[in-house]
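So the chains spell out like this:
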Amino acid sequence: MKRLFAYPYILWMGIFIVVPLLLVVYYSVTATGPDGNTIFTFDHFRRFFAPITPGMDQPLRERIFVSVALRSIRLALQSTGICLLLGYPVAYIMTRKEYSEKSVLLFMLLVPMWMNFLLRTYAWLTILERNGLVNQLLSRMGLPMIDILYTDAAVLLGMVYNFLPFMILPIYTSLKKMDPRLIEAAQDLGAGGVSVFARVVFPLSLPGVISGITMVFMPGAATFIISNLLGGQQYFLLGNLVEMQFLNVGDWHFGSAIAVIMMLLMVASMVILSLFDKGENQGRSTII
Amino acid sequence: MNRIIDLVDVSMTYGKQTVLNHVDLYINQNEFLTLLGPSGCGKTTTLRIIGGFEQPTTGDVLFNGTSILHTPPHKRPLNTIFQRYALFPHLDVAGNVAFGLKIKKKPREVINKKIADMLRLVNLEGYESRSTLSLSGGQQQRVAIARALANEPQVLLLDEPLGALDLQLRKEMQVELKNMQRELGITFVFVTHDQEEALTMSDTIAVMNEGRILQIGKPEDIYNEPKNAFVARFIGESNILEGIMREDFRVSFANAEFACIDKGFAQNEAVDIVVRPEDVRICAQNEGRVKGRVTQVIFKGVHYEMHVEAQGFLWKIHSTVQAPAGEEVGLDIAPDLIHVMKKENGKRNTESGIKGAEGSAS
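Worth saying up front: this structure is predicted, and the values here are computed from it rather than measured.

Conventions and cut-offs
Residues numbered from 1 in each chain as written. Chains lettered and ligands numbered in written order. Predicted model: local features only at pLDDT ≥ 70, side-chain atom pairs only at ≥ 80, totals over all residues. Heavy atoms only, no water. Helix = DSSP H or I, 4+ residues; strand = E, 2+ residues; numbered from the N terminus. Contact = heavy atoms within 4.5 Å. Lys, Arg positive; Asp, Glu negative; His and termini not counted. Charge placed at Lys NZ, Arg CZ, Asp CG, Glu CD. Axes fitted to C-alpha atoms, helices over the stretch in contact; angles between N-to-C directions. Parallel < 35°, antiparallel > 145°, perpendicular 65-115°, else oblique. Left-handed = near helix turned anticlockwise from the far one by under 90°. Nonpolar A, V, L, I, M, F, W, Y, C, P; charged D, E, K, R; others polar. Buried < 20%, exposed > 50% of the residue type's maximum accessible area, 1.4 Å probe, protein only. Buried area = accessible area lost by both parts, 1.4 Å probe. Salt bridge = Lys/Arg side-chain N within 4 Å of Asp/Glu carboxyl O. Polar contact = N/O pair within 3.5 Å; in protein donor to acceptor, adjacent residues only side chain to side chain. Pairing = 2+ DSSP bridges. pLDDT = per-residue confidence, 0-100. Domains from an automatic or database assignment.

Just to check I follow, could you spell out the overall build of chain B for this structure?
Across its full length, chain B carries 9 helices and 20 strands. Dimensions of chain B, computed from the C-alpha atoms along their principal axes, are close to 80 × 45 × 35 Å. A separation of at least 24 residues holds for 66% of the contacts in chain B among residues at least 6 apart in sequence. Charge-centre separation for chain B: the mean point of 41 positive side chains lies 6 Å from the mean point of 46 negative side chains.

What's the story with the packing of helix 3 (residues 64–96) of chain A against helix 9 (residues 193–222) of chain A in this structure? I'm lost.
Two quantities define a packed helix pair, namely the angle between the axes and the distance from one axis to the other. Residue and element names in this part refer to chain A. Closest axis-to-axis distance for the helix 3/helix 9 pair is 9 Å, and the angle between their directions is 140 degrees. Judged by the angle between their axes, helix 3 and helix 9 are oblique. Handedness of the crossing formed by helix 3 with helix 9: right-handed. Only Phe 197, Val 201, Phe 202, Ser 205, Val 209, Ile 213, Val 216, Phe 217, Gly 220 and Ala 221 of helix 9 make contact with helix 3, whose side of the interface consists of Ser 72, Ile 73, Ala 76, Leu 77, Ser 79, Thr 80, Cys 83, Leu 84, Tyr 88 and Tyr 92. Among the residues forming the contact of helix 3 with helix 9, the class breakdown is 15 nonpolar, 5 polar and no charged.

I tried to follow the environment of B:Phe265 on my own but got confused; where do I start?
Residue and element names in this part refer to chain B. Mapped onto the elements, Phe 265 comes out in the loop between strand 13 (256–259) and strand 14 (269–275). Classification of Phe 265 as buried rests on a relative accessible area of 16%. As a C-alpha pair, Phe 265 and Met 341 span 76 residues in sequence and 9.5 Å in three-dimensional space. Discounting residues that sit within four places of it in the chain, Phe 265 has contacts with Met 245, Asp 248, Val 271, Val 340, Met 341 and Lys 342.

How should I be thinking about the interface of chain A and chain B in this particular structure?
Buried accessible area, meaning the area lost when the parts come together, often serves as the stated size of an interface. The interface is formed by 19 residues belonging to chain A together with 24 residues belonging to chain B. Roughly 2000 Å² is buried in total at the junction of chain A and chain B, and carbon and sulfur atoms are behind 60% of that figure. The largest share of the area that chain A buries against chain B comes from A:Asp188, A:Leu189 and A:Arg199, three residues that together contribute 36% of it. Seen at the junction of chain A and chain B, the total is 1 salt bridge. The closest approach of N and O atoms between A:Glu184 and B:Arg48, which form a salt bridge, is 2.6 Å. Inspection of the chain A/chain B interface yields 5 residue pairs in polar contact (both at pLDDT 80 or more).

Just to check I follow, could you spell out the sheet that holds strand 13 of chain B for this structure?
Note on sheets: strands pair through backbone hydrogen bonds, and any given pair is parallel or antiparallel. Residues and elements named next belong to chain B. Pairing in this open sheet of 5 strands is antiparallel, and the strands run 13-12-11-14-20 from one edge to the other. This sheet does not close on itself; its edge strands, each paired only once, are strand 13 and strand 20 (339–342). Neighbour-to-neighbour, the strand axes of this sheet turn through a mean angle of 40 degrees, independent of strand direction. Pairing of strand 12 (residues 250–253) with strand 13, which is carried by 4 bridges, proceeds in the antiparallel orientation. Bridge assignment links Arg 250 to a residue of strand 13, and that residue is Ala 259.

Explanation requested: the pattern of salt bridges in the structure shown.
Residue and element names in this part refer to chain B. Scanning all chains against the criterion turns up 27 salt bridges over all chains. Put simply, Arg 48 and Glu 54 hold a salt bridge, and the shortest N to O gap is 3.0 Å. Residues joined by salt bridges that share partners form a network here, namely Lys 113, Asp 117, Arg 120 and Glu 125.

Would you mind showing me how to read the sheet that holds strand 3 (residues 32–36) of chain B here?
Residues and elements named next belong to chain B. Judged by pairing direction, the sheet is mixed, and its 6 strands sit side by side in the order 6-7-8-3-9-10 without closing on themselves. Each having just a single partner strand, strand 6 (78–81) and strand 10 (212–217) make up the two edges of the open sheet. For this sheet the average axis-to-axis angle between neighbouring strands, irrespective of direction, equals 20 degrees. Judged from the 5 bridges that link them, strand 7 (residues 155–159) and strand 8 (residues 187–192) form a sheet pairing that is parallel. Each bridged residue has a counterpart across the sheet, and for Leu 156 the counterpart in strand 8 is Phe 188.

How should I be thinking about the pairing of strand 2 (residues 17–28) of chain B in this particular structure?
Sheet faces and side chains relate simply in a regular strand, where the side chains alternate between the two faces. Looking at chain direction, strand 1 (residues 3–14) of chain B and strand 2 of chain B are connected through 8 bridges and run antiparallel. Across the sheet, B:Ile5 pairs through a bridge with B:Ile27, a residue of strand 2 of chain B.

Looking at this model, I keep getting lost on the confidence of the model for chain B. Mind explaining?
Any residue range with low pLDDT should be treated as having predicted coordinates unsuitable for detailed reading. All names here are of chain B. Considering every residue of chain B, the mean pLDDT works out to 89; 94% of them sit at 70 or more. Predicted confidence for residues 346–362 stays below pLDDT 50, and this span has 35 contacts to residues more than four positions away or in other chains. Confidence estimates for the predicted assembly give a pTM of 0.78 and an ipTM of 0.79.

How should the domain arrangement of chain A be read in this particular structure?
All names here are of chain A. Here chain A is described as being made up of domain 1 (1–41) and domain 2 (61–287). For domain 1 and domain 2, the distance between their C-alpha centroids amounts to 30 Å. At the interface, 8 residues of domain 1 touch 7 residues of domain 2. Roughly 610 Å² is buried in total at the junction of domain 1 and domain 2, and carbon and sulfur atoms are behind 76% of that figure. When the area that domain 1 buries against domain 2 is broken down by residue, the three leading residues are Val 24, Tyr 27 and Ser 28, summing to 70%.

Spelled out as structure tokens, the structure:
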């Protein structure tokens, strides 16, 4: 009987997740042959890794798609790292607060998420642009203006801003679940503040840290809206590349191949993360 | 004997609530001291103050004569076994036992030897790499003991450590803990609400209620000479009746006069009378000082428990000889088995009947 209720969801997943996924894989390994037939090929993947001439005025051949992929990974790693550094203390402080203060902090964290994602990111545009809020403030104070819009820094800022709650919440949950007596037990056994944190609090919050990392790194590596808005039209990450192949170029085969490469990247990173999680906390859920 | 811990006039208030009310307590070296009392009596708070997890509102805590009031828990030379053990779930058994030693940066060989020694002590050899989550309650308990003792504390604090175990295991652990304490020569401060546990294990029992220590002494003394009705009710089972002290060595209760061995009360002072169930003698009706009727007989293994209604009071009587239910009997009590107590804080003890005969076994 219970199983019956799962069927609509299974059906939903089948139609909207499994079938499209298979289609993407299908497109990535096929091409239209010279006589109009569909042929099986790995050419799209080869193309991704091959050096090409990027433009007429640039005679240098470079592996442009690979470098876009590397930039995506670098930015995703950077934003994940910054989110972790910013988010962990916030989560830690939240668990230490009284109930009422805690709710206010949580509320403040969640309010921006009620706003549309696009809108939130657009808002940064007006803050960062040449005559935006930041620069107006700087010039009022007689300081030199900064020009960070359409740079890596702006994209990074947008990513950190948008993904930070996804780092804080799972860490907060895992810290909150922790038995406060474990901290007392550690103190009792001679551990000072730093020791308690390093030997007990942090290891026990690892499941939260790992789901936080997953939840920031994945969308970070796949984003195309943030990079598009804050990085500008010429700024390319893997997500933008896929978007461009599908919407502008119309090369579904190559776009699918890039998407498959992205997926493999994600799967690899998940596998690596699960290795860290293993053995640390048997029986503890990593889901927030 | 050397005093190792001194609590000097310790009080603790949370807002308006008084948890500890001017507690004075000293603990001798190598003593097994039990803080015994109902939940909320302040026994755990007292232990946490000694451990450094709570700061008393007023008063001082001395360790070997020196104040440790401002010493944080991790610098105090004592270790705690927590309620529900608080084992580290991310470490295996050996990791838990070695925790304190690793912080002290002991060499690896010393740590490994200590782990082996401790696990042998608590009968958990071969469990080094087991996850603590896979252990039973009793095994977790043993790991907690090994973890605390590995640090060679001078004082071990135990916060209801046996509460989560089943009866059989609890009894075994009581004996084991007592033996360990004797062998290692460590001072144990043990918190429990279980009077039987306290009587079994302790050198000294401090009975607490409402933030005060009501009586402190050897288990025998506390059982045989409870200072007031609360202690009597809490330790062992007892019949508590209202009485009037006629004069020195003469007391009347249950509409009868009894010889007793107490003196120093005012003439006709209202008092509480405590009589242990095993101290009431059942005899033929015409021989007894009080006449009554047996209402119920319960077989308890070693003895029978009989409820006898006499003079409006339901007596609880333990005897190896059974008087069948419905029988008219006489009751008598020897003078030295009648415990006469001053009324608590002038409060009238309004309990009577079956409530007065209520034991603390529940």
